[in-house]
Amino acid sequence: MVEIKTPEQIAKMRAAGLVVAAMHEACAEAAQPGVSTKELDEIAAKVLADHGAKPNFLGYGGFPGNICTSVNDVVVHGIPDRETVLRNGDMISIDAGAIVDGWHGDAAITVFVGSGHAPELLELSRVTEESMWAGIAAVRKGARLVEVSKAIEGYIRRQPRPASGRYGIVEDYGGHGIGSEMHMDPHLLNYVDPRRRLGRNNPKLVPGFCIAIEPMVSLGTPKTHVLEDEWTVKTDDGSWSSHWEHSVALTEQGPLVLTAPDGGKAKLAELGVETAPDPLG
Ligand code: MG
């Protein structure tokens, strides 16, 4: 069952989304060489507390952090700790979430630590982020969810191939419905799998539908494995990866990017999509 939200509920999700945006702003600024991922987690926890919001990652299936910190060949679900100290040249995905009044927000950004990154890494992050926006632009009344998957994959496949050969669209993880829980139906693949029966994972998009869109792309394989800590997800070939995510609501007036400070307005305008007005003004 897909949970359909009222405009009042979407306003609460917008409030949660703005807390997530504030967590990202603070963590991105702090992600400098010499800083541990645990310190980033503490900064995120403070932003949550300052806004009177609750963490949704902390304790989720026993997860020990307020954010996921995934460095270099870690794709997602990296656990913040004191031992992982950022070095110049690293890239890190910071996945953050918040609950306001029982409603969830969830988003991720890829941040470059220090300077001097290879152009291929900068391009990997750009392609991943832009594929997310292509997916967001496909969130339209009456569309089917598979069109979002198709838009994400199509964007990535149209880009010039990296020197490593091919972009790997991570297969085992994807986007998800979000609202009164962080992870809800439907699951959103970041590619179209013709072998997979779409059924309940291919609903028609209607106002009140909310989804977290989160492509994960590597410079090599789409295959991943989970480490012994039962959380950390790495690429099988050690290639580095990027991860971007926004939570999006479809309204009668179009999409609203709940976790973007401007609601997605600037970026979606570039793509010819009108953004719904911000319920919080
Ligand atoms: Mg998510």
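Refer to the structure above for everything that follows.
Quick caveat, the model's predicted, so the values are computed rather than measured.

**Examining the overall build of the protein**
Helices and strands together make up the secondary structure of the protein, namely 5 helices and 14 strands. On C-alpha atoms alone, the protein measures out to a radius of gyration of 17 Å, which is about the 19 Å that the 2.2 N^0.38 rule sets for 281 residues. Here the protein holds 281 residues, and 56% of them are scored as buried. The long-range fraction of contacts in the protein, counting pairs at least 24 apart against all pairs at least 6 apart in sequence, stands at 69%. As displayed, the protein offers around 12,000 Å² of accessible surface, 52% of which is attributable to carbon and sulfur atoms. One way to put it: in the protein the 26 positive side-chain charges average out to a point 8 Å from where the 38 negative ones average out.

**Brief notes about the packing of aromatic side chains**
Counting across every chain of the model gives 1 aromatic pair. Judged by centre distance (5.0 Å) and plane angle (80°), the rings of Phe 63 and Trp 231 are edge-to-face. Remark: Trp 231 occurs in the loop between strand 10 (224-226) and strand 11 (233-235) and Phe 63 occurs in the loop between helix 2 (37-50) and strand 1 (67-71); sequence separation between them is 168 residues.

**Considering the side chain of His 176**
Assignment of secondary structure puts His 176 in strand 6 (residues 175-177). For His 176, the contacting residues outside a window of four places in its chain are Asp 106, Met 182, His 183, Met 184, Pro 186, Leu 188, Ile 211, Ala 212, Glu 214 and Glu 245.

**Focus: the coordination of the magnesium ion**
Within the first shell, the magnesium ion binds the protein through Asp 106 (OD), His 176 (NE2), Glu 214 (OE) and Glu 245 (OE), at distances of 2.2 to 2.3 Å. As a motif over one chain, the donors of the magnesium ion read D-x69-H-x37-E-x30-E. Taken together, the residues span a long stretch of sequence, with Glu 214 in the loop between strand 8 (210-213) and strand 9 (216-218) and Glu 245 in the loop between strand 12 (241-243) and strand 13 (246-251) at a distance of 31 residues. Exposure class is identical for Glu 214 and Glu 245. Each is buried.

**Quick notes on the sheet that holds strand 3 (residues 91-100)**
The 3 strands are arranged 1-3-4 in an open sheet whose pairing can be described as antiparallel. Strand pairing shows two members of the sheet lacking a second neighbour, strand 1 and strand 4 (103-112), which therefore form its edges. Averaged over neighbouring strand pairs, the angle between their axes works out to 15° when direction is ignored. Across 10 bridges, strand 3 lies against strand 4 in antiparallel orientation. Within the sheet, the bridge partner assigned to Ala 96 lies in strand 4 and is Ala 107. Together, strand 1, strand 3 and strand 4 form the strand contacts of helix 1 (residues 7-30), whose direction differs from that of strand 3 by roughly 145°. Sheet strands touched by helix 2: strand 1 and strand 3. Its angle to strand 1, the strand with the most contacts, is close to 150°.

**Quick word on the pattern of salt bridges**
In total, this model carries 13 salt bridges according to the counting rule given. One salt bridge connects Lys 5 with Glu 3, and the closest N-O pair in it is separated by 3.1 Å. Its relative accessible area of 6% is what places Lys 5 among the buried residues. The class for Glu 3 is partly exposed, based on a relative accessible area of 22%. Between Glu 42 and Arg 82 there is a salt bridge, with its nearest N and O atoms 2.5 Å apart. On the criterion of sequence distance, the pair formed by Glu 42 in helix 2 and Arg 82 in the loop between strand 2 (74-76) and strand 3 is long-range, its members being 40 residues apart. Glu 42 gets classed as partly exposed once you look at its relative accessible area, which sits at 37%. Several salt bridges converge on common partners, so that one network encompasses Glu 130, Lys 267 and Glu 270.

**As for the nonpolar core**
If you look at the biggest cluster of nonpolar residues, it comprises 62 residues, and the most contacted ones within it are Met 23, Leu 40, Val 148 and Ile 213. Here the element with the most residues in this core is helix 3 (residues 119-137); it accounts for 8 residues. Among all residues touching Met 23, those that are not within four sequence positions of it are Ala 44, Val 47, Leu 48, Asn 66, Ile 67, Ala 96, Gly 97 and Ala 98.

**Some thoughts on helix 4 (residues 145-158)**
Taking 1.5 Å as the rise per residue, helix 4 with 14 residues should run 20 Å; its terminal C-alpha atoms sit 20 Å apart, in good agreement. Of all 14 residues in helix 4, 10 are buried, a share of seventy percent or more. Of the residues making up helix 4, those classed as buried are Leu 145, Val 146, Val 148, Ser 149, Ala 151, Ile 152, Glu 153, Gly 154, Tyr 155 and Ile 156.

Cut-offs and rules
- Residues numbered from 1 in each chain as written.
- Predicted model: local features only at pLDDT ≥ 70, side-chain atom pairs only at ≥ 80, totals over all residues.
- Heavy atoms only, no water.
- Helix = DSSP H or I, 4+ residues; strand = E, 2+ residues; numbered from the N terminus.
- Rg over C-alpha atoms; globule rule 2.2 N^0.38 Å.
- Buried < 20%, exposed > 50% of the residue type's maximum accessible area, 1.4 Å probe, protein only.
- Contact = heavy atoms within 4.5 Å.
- Areas by Shrake-Rupley, 256 points an atom, 1.4 Å probe, with all protein chains shown as cover.
- Lys, Arg positive; Asp, Glu negative; His and termini not counted.
- Charge placed at Lys NZ, Arg CZ, Asp CG, Glu CD.
- Phe/Tyr/Trp six-rings, centres within 6.5 Å; stacked < 30°, edge-to-face > 60°.
- Donors = N, O, S within 2.8 Å, 3.2 Å for Na, K, Ca; no water.
- Pairing = 2+ DSSP bridges.
- Axes fitted to C-alpha atoms, helices over the stretch in contact; angles between N-to-C directions.
- Salt bridge = Lys/Arg side-chain N within 4 Å of Asp/Glu carboxyl O.
- Core = buried A, V, L, I, M, F, W, Y, C linked by side-chain atoms within 4.5 Å.
- Expected span 1.5 Å × (residues − 1).

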